[in-house]
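# A structural walkthrough
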Amino acid sequence: MQTPSPVASTRMREVLGHFATGIVVVTAAGPAGPVGFTCQSFASLSLDPPLVSFSPARTSSTWPVIRAIGRFGINVLAEDQEPVSAAFARSGTDKFAGIAWRPSANGAPVLDGVCAWLDCTLWNEYDGGDHTIALGHVHDLAADPSRSPLLYHRGSYGIG
């Protein structure tokens, strides 16, 4: 039996880029103010109990802060929120500068204009290679059916 060759990360990114994903911003009320990061690895996981999953990079400096808080929001970005996605993907900046938001019942920032949001607590975490697989228990959620999601496909926003 032949041993399979290792898959190059560039090839993995290229091929899996054919799968369109939505873009979310994970937020929390941090001790020094609101914190958040952009994430495209988000999915519904379970209806009973209500669970979602997302996978922050192990290099994230924001995820350890949110993990320690234990409560967070998931903001599903709308198609006109590319600038919001870009702002929360940067490190070392005030990601909330110019971003309007309100606190959820658990205090997590719910960004204005999103097409959906979820209020969660951390359920569990698992090793995911260069990412952490985080599971959130959903306590509250809402959607604006008039808004369409921001999609990411083949290395850029939108489908095309």
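Scroll up to find the structure.
Description of the structure in this document. Values in this document were obtained by computation on a predicted structure and should not be read as measured data.

## Section: the overall build of the chain
Each helix and strand counted, the chain has 3 helices and 12 strands in total. Against the 2.2 N^0.38 benchmark of 15 Å for 160 residues, the chain shows a C-alpha radius of gyration of 16 Å, consistent with a compact globule. Taken along the three principal axes of its C-alpha coordinates, the chain extends 55 × 35 × 35 Å. For the chain, the residues scored as buried account for 37% of the 160 residues in total. When the 10 positive and 13 negative side-chain charges of the chain are each reduced to one mean point, those points stand 6 Å apart.

## Focus on the layout of surface pockets
Roughly 1,500 Å³ of internal volume is contained in the largest pocket. In this structure, the largest pocket is lined by 42 residues; those nearest its centre are R13, Q40, S41, S55 and H131. Elements with a contribution of two residues or more to the lining of the largest pocket: α1 (9-16), β1 (21-22), β3 (33-39), β4 (42-47), α3 (82-89) and β11 (151-153). The residue makeup of the lining of the largest pocket, split by class, is 17 nonpolar, 19 polar and 6 charged.

## A closer look at the pattern of salt bridges
As enumerated under the stated definition, the model contains 4 salt bridges in all. The salt bridge partner of E14 is R11, with a shortest N-O separation of 3.2 Å. Separated by 3 residues within a single helix, E14 and R11 lie in helix α1, roughly one turn from each other. Linking R67 and E125 is a salt bridge whose minimum nitrogen-to-oxygen distance equals 2.8 Å. Placement of the pair is R67 in helix α2 (residues 63-69) and E125 in strand β9 (residues 116-128), with a sequence separation of 58 residues. You can call R67 partly exposed: its relative accessible area is 33%.

## A closer look at the sheet that holds strand β2 (residues 24-30)
Reading across the sheet, the 7 strands line up as β3-β2-β6-β9-β10-β5-β4 and stay open at both edges, with antiparallel pairing between neighbours. What marks the edges here is a single partner per strand, and that holds for β3 and β4. Ignoring strand direction, the axes of neighbouring strands in this sheet form an average angle of 35 degrees. Sheet analysis places β2 next to strand β6 (residues 71-76), joined by 4 bridges and oriented antiparallel. When the sheet's bridge partners are listed, V25 is paired in β6 with N75. Where α3 meets the sheet, it contacts β2 and β3, and its direction lies at approximately 110 degrees from that of β3.

The rules behind these values
- Residues numbered from 1 in each chain as written.
- Predicted model: local features only at pLDDT ≥ 70, side-chain atom pairs only at ≥ 80, totals over all residues.
- Heavy atoms only, no water.
- Helix = DSSP H or I, 4+ residues; strand = E, 2+ residues; numbered from the N terminus.
- Rg over C-alpha atoms; globule rule 2.2 N^0.38 Å.
- Buried < 20%, exposed > 50% of the residue type's maximum accessible area, 1.4 Å probe, protein only.
- Lys, Arg positive; Asp, Glu negative; His and termini not counted.
- Charge placed at Lys NZ, Arg CZ, Asp CG, Glu CD.
- 1 Å grid on protein atoms, 1.4 Å probe; cavity = no way out; pocket = protein on both sides within 12 Å on 5 of 7 lines; lining within 4 Å.
- Points joined across faces, edges and corners; volume = space filled by probe spheres on them.
- Nonpolar A, V, L, I, M, F, W, Y, C, P; charged D, E, K, R; others polar.
- Salt bridge = Lys/Arg side-chain N within 4 Å of Asp/Glu carboxyl O.
- Pairing = 2+ DSSP bridges.
- Axes fitted to C-alpha atoms, helices over the stretch in contact; angles between N-to-C directions.
- Contact = heavy atoms within 4.5 Å.

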